[in-house]
Structure formats: C-alpha cells, structure tokens
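Descriptive analysis of the structure
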Amino acid sequence: MYLNGLGGRLPPFTTDLTALESSARERLEPGPFRYVAGAAGSGATDRANRAAFDAWRLVPRMLRDATVRDLRTTVLGTRMPAPVLLAPVGVQSIVHPDGELATARAAAALGVPMVLSTASSHTVEEVAEASGDGPRWFQLYWPNDDEVCASILARARAAGFTTLVVTLDTWTLAWRPHDLDLSYLPFIRGIGTAVPYSDPAFRAGLARSPEKDPTSAVLHWVRMFTGTDKSWDRLPFLRQRWDGPIVLKGIQHPDDARRAVAAGMDGIVVSNHGGRQVDGAVASLDVLPEIAEAVGDEIEVLFDSGVRTGADVLKALALGAKAVLVGRPYVYGLAHGGEDGVRHVLRSLLADLDLTLALTGHRSPAELSPQSLRHA
Ligand code: FNR
C-alpha cells in the first residue's frame, strides 16, 4: 500500500491526480504545457470526457469480506498488476529530458505495461532497453509507405514489443488552437521523430540524412505520417507483418467495433484521444457501454480518455472495459520528477484504485458490472 510506503514522509508532489495539471502549468514552459494539456478546438470533448465520469456514481456494498484483494489481470497474453496501462504519448522529451526512457523504467519497476508511441523521442531499441523485463506494447501511426511501415514493425517486434496498437483517429492532426497560437509543434523541430529517423527504410527515402538536412527530413516525415486516411481492407497488411495481437485505438462507434471483430482484430481501445482530435465529439465513456455490448467477449475492450482516479478506473471497468489506459497524468508525473515522478503517479493511481475497490465491497475487478453504478 502506497500510504504505508510513504512511511510518514511527505510525497514528492500531490497525490491528487486531478490537481497535476495546474501544478504542471507552473513547472513547464507554455509550449510544452499547452501541447500536453490542450485539446482540439474549444476543448468541449476533453471536458465531456471528465463530465461523463462525474455522471456515474459507484454504489458501495457492505460486509462483503473485501479485506484481501487481487487486482491482477491478463490482457492479450500480457500479465499486469492491475487493469491499467500507460497510454501511448509521443514527444515526452518536451516535458523531461529522459522522456520515454524514464517512463519505461518507472512502468517496468511496477510491472505496468507501457505502450510506446511511434512519435517517441527515443528509438524503439533504446526504450526496450530501458524497459528491461517490463511488459511493452507498440503503438503505430500508420505511415504512407509500406516499406517503412514493415521496417518499423519488424524493429518493434525484434525489440520485444508484444502487442500492436494501431491508432486510427490521428491520420491528420486536428485543429488545436493551444498549439497554433504559440506556433508550437514539436515534430517540426524534429522532436518525436526518433523512430522513423533511425529507420533504415525511412532514411533510404532521403537524399541526405536527417542530421545533415533536417528540413528535408521533416518534410518527408510530414508527408509520410499525416494527411492520408486508410481503409478497413488494408488491415491484412498489418496482420501479415505482425505475429502478435493487434488492437485498434480510437473506436467510438459500435459498428466500427463490430468491423474490428470481423477483420479479425484482437482488441480495441474505446478512445477519443483525450479529446485532442474531434472537438464536440461524444465523451469516450458515454459510448463504452454500447460498444462493449456490441462486441461481447469476441474481442478485448480497452478504454481511455479522461481517467484520473481509482474511481474512474472502476467506472470504466464496470461499463465493460477489461483495462484502461491513462494518458496525461503520468506525463505530468514525468514533468514533475522524471522516472520518480511517473512512479509516484502510478503508485498513487494503483493505491487509490485498490482502496476504492475495497471500500465498494469488491475483491477483484471482475466482480464489477453496470449494477455497481448508478447514473447521477
Ligand atoms: C497523446 N495521445 C497519443 N495517442 C497515440 O496513439 N499516439 C501518440 O503519440 C499520442 N500522443 C499523445 C500526446 C499527448 C501529449 C497526449 C496528452 C495524448 C493520446 C493518448 O494515447 C490517450 O488516448 C489520451 O491521452 C487519453 O486521454 P487522457 O488520459 O490524457 O485524458
């Protein structure tokens, strides 16, 4: 229990994960802070994500002998200490120089799976090494060049990443005033490009190396990673090049979830990218129940967007998710204290989750169901 682990000492920073955004604002330059905290357009979807959690209330049950609990679960062959993963977040070096390496170390220390972004500031091989024996999944931004795609996938597989998460909702970047107003986009400065820039197939398409000609490399990157949507009939291409489980991230409609099943996918992440893509989109939690019902046990249903507390995790599980991904909170942890900061955030979230599970009268996440909740 983290409370005991503190041994009377003060925590390194707040244990209230809903308060991290405001303390990160004081620590980060405006560009990086707004890149992380910001959302698409007016921020309506980001706010809706949080409001959707507030609209559900847990119903505590008594005298259920919840003293001993087991939060462990297995998702697509990956064992984890609790139904929580670190969402793929790119360009982490904008908040701390150790970036994804620090996150990988913290996640591995707790056995929590990290999903590494294609937009990482460090290469897949470097992050794999930092991750040691820790569980690791790889998130793909699907490039417009099949050879580059195949090469990146082969490298991730060789580096020990087991599950592939394919992000579908960001084939082009949304209208994000928080970045536009500061003209802040890390990729244009060559940050978050380590995976393709270190890739032999990507480099083969350049007349001169990214080190010698950064401007041409960035233009090549932009053409390869933005502006081109894919279609369902392209999924076999990924299946042929990835021999582990494949998860589609960004699903918000039951029909798309059914199509993922029909396409032979292994899982989905019900996600609206933390409100960063479609302003005015439905809250991710609001569509979770109908999606979970549409696909039943045919596919693993994961969830993200707006998870901040142990109670939030329980609500998403009760509404049909097998596990959740958490995004901004651990990035704020990274900003506050590198590897230690990420570890503090994770330990806080897991301890809060465990306590709330206990006090609602449950011994394991599998006992949760829609009956555990009431709509406020
Ligand atoms: C993201 N997200 C994201 N998703 C993805 O598939 N690849 C990526 O590279 C990124 N990069 C990224 C950067 C930043 C700064 C943020 C905040 C988010 C989305 C992420 O995986 C996840 O869907 C959301 O962060 C979940 O919402 P919360 O937990 O941040 O509310």
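Quick look at the structure, then. In this text the structure is predicted, and so the values were computed from the model without any measurement.

**A few points about the packing of helix α2 (residues 20-27) against helix α16 (residues 328-359)**
Packing of α2 against α16 leaves a shortest axis separation of 8 Å and a crossing angle of 90°. With respect to α16, the element α2 is oriented roughly perpendicular. Of the residues in α16, those in contact with L20, E21, S23, A24 and R27 of α2 are P329, Y332, H336 and V345. For the contact of α2 with α16, the per-class residue count stands at five nonpolar, two polar and two charged.

**What about the pattern of salt bridges?**
Counted under the stated rule, the structure contains 17 salt bridges. Here R239 makes a salt bridge to D266, at a shortest N to O gap of 2.9 Å. In this pair, R239 is assigned in helix α12 (residues 235-241) and D266 in the loop between α13 (254-262) and β9 (267-270), connecting sequence segments 27 residues apart. Between R363 and E367 there is a salt bridge, with the nearest N and O atoms lying 3.9 Å from each other.

**Quick word on the site of the ligand**
What surrounds the ligand is a group of 21 residues, the closest being P88, S117, T167, D304 and R308. In the environment of the ligand, a nitrogen atom lies 3.2 Å from a nitrogen or oxygen atom belonging to the backbone of G90. Residue Y141 places a side-chain N or O atom 2.8 Å away from a nitrogen atom belonging to the ligand. For the shell around the ligand, the class distribution of residues is six nonpolar, 10 polar and five charged.

**A look at helix α15 (residues 310-318)**
Counting buried positions along α15 yields eight of nine residues, so the element is predominantly enclosed. Just downstream of α15 lies G320, where phi reads positive at about 125°.

**As for unusual backbone geometry**
A negative phi angle characterises most non-glycine residues, just as the trans form characterises most peptide bonds. A positive phi angle is found at L76, which is not glycine, with a value near 50°. In this structure, L76 sits in the loop between β2 (73-75) and β3 (78-80). A positive phi angle, near 50°, is found at S183, a position not held by glycine. Assignment of secondary structure puts S183 in the loop between α8 (177-180) and α9 (194-197).

**Quick word on the packing of aromatic side chains**
Within this structure, the stated rule accounts for six aromatic pairs. Its end group placed over the ring of F161, R136 keeps NZ or CZ at 5.6 Å from the ring centre. The ring of Y35 has R276 lying over it, and the distance from NZ or CZ to the ring centre is 5.1 Å.

**Regarding the side chain of T123**
Structurally, the position occupied by T123 is in the loop between β5 (114-116) and α6 (124-131). You can call T123 buried: its relative accessible area is 12%. Apart from the residues within four sequence positions on either side, T123 is in contact with R155, A194 and S198.

**With respect to the environment of E300**
Following the sequence through the fold, E300 ends up in strand β10 (residues 300-303). In this structure, E300 is in contact with T74, V75, L76, D266, G267, I268 and K322, ignoring residues within four places of it in sequence. At a separation of 3.2 Å, a polar atom in the side chain of E300 contacts the side chain of K322.

So, how was this worked out
Residues numbered from 1 in each chain as written. Predicted model: local features only at pLDDT ≥ 70, side-chain atom pairs only at ≥ 80, totals over all residues. Heavy atoms only, no water. Axes fitted to C-alpha atoms, helices over the stretch in contact; angles between N-to-C directions. Helix = DSSP H or I, 4+ residues; strand = E, 2+ residues; numbered from the N terminus. Parallel < 35°, antiparallel > 145°, perpendicular 65-115°, else oblique. Contact = heavy atoms within 4.5 Å. Nonpolar A, V, L, I, M, F, W, Y, C, P; charged D, E, K, R; others polar. Salt bridge = Lys/Arg side-chain N within 4 Å of Asp/Glu carboxyl O. Near = heavy atom within 4 Å. Polar contact = N/O pair within 3.5 Å; in protein donor to acceptor, adjacent residues only side chain to side chain. Buried < 20%, exposed > 50% of the residue type's maximum accessible area, 1.4 Å probe, protein only. Phe/Tyr/Trp six-rings, centres within 6.5 Å; stacked < 30°, edge-to-face > 60°. Lys NZ or Arg CZ within 6 Å of the ring centre and 35° of its normal.

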